[in-house]
Amino acid sequence: MIRRKPELLAPAGDMRSLIAAVENGADAVYLGINNFSARAYAGNFTIDEFREALDYAHLRGVRVYVTLNTLIKDTEIEKIAKLMQTLDRLGTDAIIVQDIGLLSLAGKLVPELPVHASTQMTIHNTEGVRFLHDMGVKRVVLAREMTLAEIKEVRQKTDMEIETFVHGALCICYSGQCLMSSMIGGRSGNRGYCAQPCRKKYDLYRKGKKESTAGKFLLSPRDLNSSDILPELIEAGIGSFKIEGRMKRPEYVAGVVRIYRRLIDRYMEKPEQYFVSEEERLQLEQLFNREFTTGYFKGNPGNVLMSRERPYNQGVRIGKVRGFDNKHKNLLLELSGELRVGDGIGFEAEQESGNIVRQMYKKGKPVKEAGKEDIIRVSSDIQHNKGTSVYKTLDISLMKELEQSFESPGLRKVSVFMKARAFSGEKLELMVRDEDDNIVQISSEYVVETAIKKATSEKDIRKQFTKLGKTVFDAKDMEISMEEGIFIPIKEMNELRNRAVAELEKMRIDHRRKSEHKPCRVSEKPAPENINQKPLLAVSIIDPESVETAVSSGADLIYYERKSSVHDDESDLRIAATHAKEVDVPIYLHTPVIVKDSQMPEIEKIMNAAKESGFAGILASNPGIFKKATEHGIPVIVDTNMNIFNRESAALFIKKGAISVVLSPEMNYEQIIEASSSAPTELIVQGSLRVMVSEHGLVTNLTGPEEMSDPDCRVFELMDKKGFAFPVRTDCSGRTHIFNSKELCLLEDMTRLIQSGVSRFRIDARMTDSSHIKNIVSSYRKTIDSYFSTEENHVIADKCRDISKEYTRGHFHRGVL
């Protein structure tokens, strides 16, 4: 079996972190350009800074990938198109994208620039990978929720390069599917501004009663650490090991990259002798941890995924509290590990990361350091109980050691082979070839002379030519052809060597550069075709018996979601289709947001059964389902989970066969108009918006599986500190779905929405009591009909307060950052 050495891919939030990554062994780095990065709060790079970073990395043989992994507004399309052309011209090794419209645009404007699909695309099945392969994507960053067995299957069935995260912070929600930060405060994770609501406190309620839970940070995962299972990741065929951390300090980048570099090399050299040393384990823990997990690689980890008691850096346990001197505000600590002045310490159950040790005393005397079994005193305004564990959250000596790697760089060298030729009466010649087979051949103006006194020896030539000093090059071998009794001044050898080095440096940087692109031409916005055309009203339901209610109240279309846990056959599909046929209304089938490869045959079977039962088509929530449905000739509506955020994305799916696309709920009125100008669009105007979908069984792991046996026990809520309640549902696959605390209602904005060019409006009644469906649907029906009425007095009678207890207008007016 051929083992392929995986790429080690490191984060670079700024130039210091990039140098740290390069100098400690990264094969590639990923970084963001200002305004178009999923880590908007990282330092990121201006174009001038990026050019410097690119040259630094390329000179040392390190690839650079640029993260353009956010959803793009139509007003930004021209700007990002020009940016892509600039990145291509400068020699960027690849771009990482989330927005499907940007992917389409890249194929047209910069076809030679490799594109990697971000984990924000939520790619989690083979068909999704094939869909992107057909679009020209070179590499896919798979969802973190995939197991090694699932990754192997994708690798075996496709030719796609596979990249996965191996170390760092985890999201509780599938990346690209989280709207929680967006809906709470307008800071969209899909735009790079996530405010991390998953790291906040919540209480779990069941039927209005608070449940007892171990810890309050119910949505906070541990950090990923794959060091122990690294051999299995390599054997699975993963091509790139990605370290998370563009928001982390450069010392963190240096330390984690250094250790994973060692581990990869160790395994590739002697697979049967692979190990992780105690020092390496300790350093990974010390650099940053919320406790560690191997994530989903070995299967669903359940409670082992979560860090519910402390969502901050925990550090390394180094002792416990022995007592507190209230008079002098000193804590007495008994150490089980080393502690130095300048280190950071934190305490068990403390919600912050801790404090810096400014002074410490042992036996009444000030000391700079202390060790195992020492009893010391440190200043503290806060009293901690006896026995409370103490953690070292910052190791100052480790930080200083790691800092040297990027403040005084020089570790990373490029091996070169040198060849010199020196004969009397001829010019001195030098050839330098690097490890990438770049070759420089030059000769001096100086003509080699016969020695009058001391001759120049082979040793002298080797010494001067291989004296590469502070350059990035390291001479591994040299071949010299010369005659005896010649003389070459040291100055001439130095000048020739310096010229050769400079040319090789330029060659390594410039060979990726490209000529100027033609002026960027983004497609013009077409004139809207649907303005003032009467839109259709769709209603999503979960009960076949609700079809008649929705239609009699004014629905033009029905979207049906199966209660999969209560259907053992397809009888419900036939019942729903029959009801729809009786009232002559098209019915479409909702498909799941997440469909793993193991579930795909069953979903495929259900889609075909729906087609045979008389369904008009399906709603696809991921690219894999979209591809499968179109291959079967099933009409498809692209649902909101596909993050349609601009007209490029909308037009792409229509071109690929979709009959309509559902716009992102993060769009405001102006953006809705733009996107609706190029394709038939749909907008959710009423209902409970899903803000998270998680592979983690939140309720099951907090309360036990027996609590989930009764369908009535599936209704739980998460309550935040402000008293907002977020409904929680668990599906038949054990996945968690969290919904916004307030129902979306755009009833009072329908006049403007009708004028926006949207073709269909949807009422999502899947979380709505069946008794309220009639009132809600009839209110929207009256509003739409009133607008198109020929009567002079068409007044909107109903308000949101008439159909919703707690409601929000979402982002219709404000939009997102």
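Residues numbered from 1 in each chain as written. Predicted model: local features only at pLDDT ≥ 70, side-chain atom pairs only at ≥ 80, totals over all residues. Heavy atoms only, no water.

Caption draft 1: How the structure looks around the packing of aromatic side chains. This model, assessed by the stated rule, comprises 8 aromatic pairs. Each ring, one from Phe131 and one from Phe653, has its centre 6.0 Å from the other, and the planes form 5°; the classification is stacked. Residue Phe131 is found in helix α5 (residues 126-134), and its partner Phe653 is found in helix α18 (residues 647-655); the two are separated by 522 residues along the sequence. For the pair Phe131 and Phe653, one class covers both residues: buried. Seen in terms of ring centroids, Tyr787 and Phe788 are 5.0 Å apart; in terms of plane orientation they differ by 75°. Their pairing is edge-to-face. Residue class for Phe788 comes out partly exposed when judged on its relative accessible area of 25%. A network of ring pairs unites the aromatic residues Phe131, Phe626 and Phe653 as a single cluster. One residue, Lys242, lies across the ring of Tyr30, its end atom 4.4 Å from the ring centre. (Phe/Tyr/Trp six-rings, centres within 6.5 Å; stacked < 30°, edge-to-face > 60°. Helix = DSSP H or I, 4+ residues; strand = E, 2+ residues; numbered from the N terminus. Buried < 20%, exposed > 50% of the residue type's maximum accessible area, 1.4 Å probe, protein only. Lys NZ or Arg CZ within 6 Å of the ring centre and 35° of its normal.)

Caption draft 2: Spatial organisation of the sheet that holds strand β25 (residues 439-447). A sheet is described by the order of its strands in space; here 4 strands give the open sequence β25-β24-β23-β27, paired in mixed fashion. Each edge of the open sheet carries a strand with a single partner, namely β25 and β27 (473-482). Along the sheet, successive strands turn relative to each other by an average axial angle of 20°, direction set aside. Inspection of the sheet shows strand β24 (residues 427-434) paired to β25 by 6 bridges, in the antiparallel sense. Residue pairing for β25: Arg433 is matched across the bridge by Ile439. Contacting β23 (414-422), β24, β25 and β27, helix α13 (residues 490-510) crosses the sheet at an angle of about 155° to β25. (Pairing = 2+ DSSP bridges. Axes fitted to C-alpha atoms, helices over the stretch in contact; angles between N-to-C directions. Contact = heavy atoms within 4.5 Å.)

Caption draft 3: Main features of a nonpolar patch on the surface. Residues Tyr41, Met247 and Leu817 make up a contiguous nonpolar surface patch of roughly 300 Å² in combined accessible area. Relative to the elements of secondary structure, Leu817 occurs in the segment after β42 (807-808). Looking at Leu817, the relative accessible area reads 45%, which means it is partly exposed. (Patch = residues over 30% accessible without salt bridge, like charges linked within 9 Å, V, L, I, M, F, W, Y side chains within 5 Å. Areas by Shrake-Rupley, 256 points an atom, 1.4 Å probe, with all protein chains shown as cover. Salt bridge = Lys/Arg side-chain N within 4 Å of Asp/Glu carboxyl O.)

Caption draft 4: Local environment of the state of the cysteines. Taken as a whole, this structure holds 1 disulfide when the rule is applied. Two residues, Cys745 and Cys800, share a disulfide whose sulfurs are 2.2 Å apart. One disulfide, between Cys745 and Cys800, carries an S-S torsion of -95° and so falls in the left-handed class. Of the two residues, Cys745 is situated in strand β40 (residues 743-745) and Cys800 in helix α23 (residues 800-803); the sequence distance between them amounts to 55 residues. Note on Cys800: relative accessible area 0%, which makes it buried. The thiol sulfur of Cys173 is not disulfide-bonded, and the nearest other cysteine sulfur, from Cys178, lies at 4.6 Å. By relative accessible area, Cys173 is classed as buried at 4%. Not engaged in a disulfide, the cysteine Cys194 finds its nearest cysteine sulfur in Cys178; these two sulfurs lie 5.8 Å apart. (Disulfide = S-S within 2.5 Å.)

Caption draft 5: How the structure looks around helix α12 (residues 458-465). The set of residues buried in α12 consists of Ile461, Gln464 and Phe465. Down the axis of α12, the buried set is contained in an arc of 90°. They therefore lie on one face. Opposite the packed face of α12, turned more than 90 degrees from it, sit the exposed residues Lys459 and Lys463. As for α12, its buried residues are in contact with β23, β24, β27 and α13. (Arc of directions from axis to C-beta.)

Caption draft 6: Layout of the side chain of Gln120. Checked against the element boundaries, Gln120 lands in the loop between β5 (115-117) and α5. Beyond its immediate stretch of four places on either side in the chain, Gln120 contacts Asn69, Gln98, Ser175, Gly176, Gly189 and Asn190.

Caption draft 7: Just the packing of α12 against α13, in detail. Axis separation between α12 and α13 bottoms out at 9 Å; the angle between their running directions is 40°. Taken together, the axes of α12 and α13 are oblique relative to one another. As for how α12 packs across α13, the hand of that crossing is right-handed. Between α12, through Asp460, Ile461, Gln464 and Phe465, and α13, the contact on the second element is made entirely by Ile490, Met493, Asn494, Leu496 and Arg497. Grouping the constituent residues of the contact of α12 with α13 by class yields 5 nonpolar, 2 polar and 2 charged. (Parallel < 35°, antiparallel > 145°, perpendicular 65-115°, else oblique. Left-handed = near helix turned anticlockwise from the far one by under 90°. Nonpolar A, V, L, I, M, F, W, Y, C, P; charged D, E, K, R; others polar.)

Caption draft 8: Expanded view of the pattern of salt bridges. As enumerated under the stated definition, the model contains 66 salt bridges in all. A salt bridge links Asp474 to Lys476; the nearest nitrogen and oxygen atoms lie 3.2 Å apart. The class of Asp474 is partly exposed, set by a relative accessible area of 29%. By relative accessible area, Lys476 is classed as exposed at 59%. When salt bridges that share partners are traced, they join Glu7, Arg63, Lys138, Arg139, Glu161, Glu163 and Lys242 into one network.

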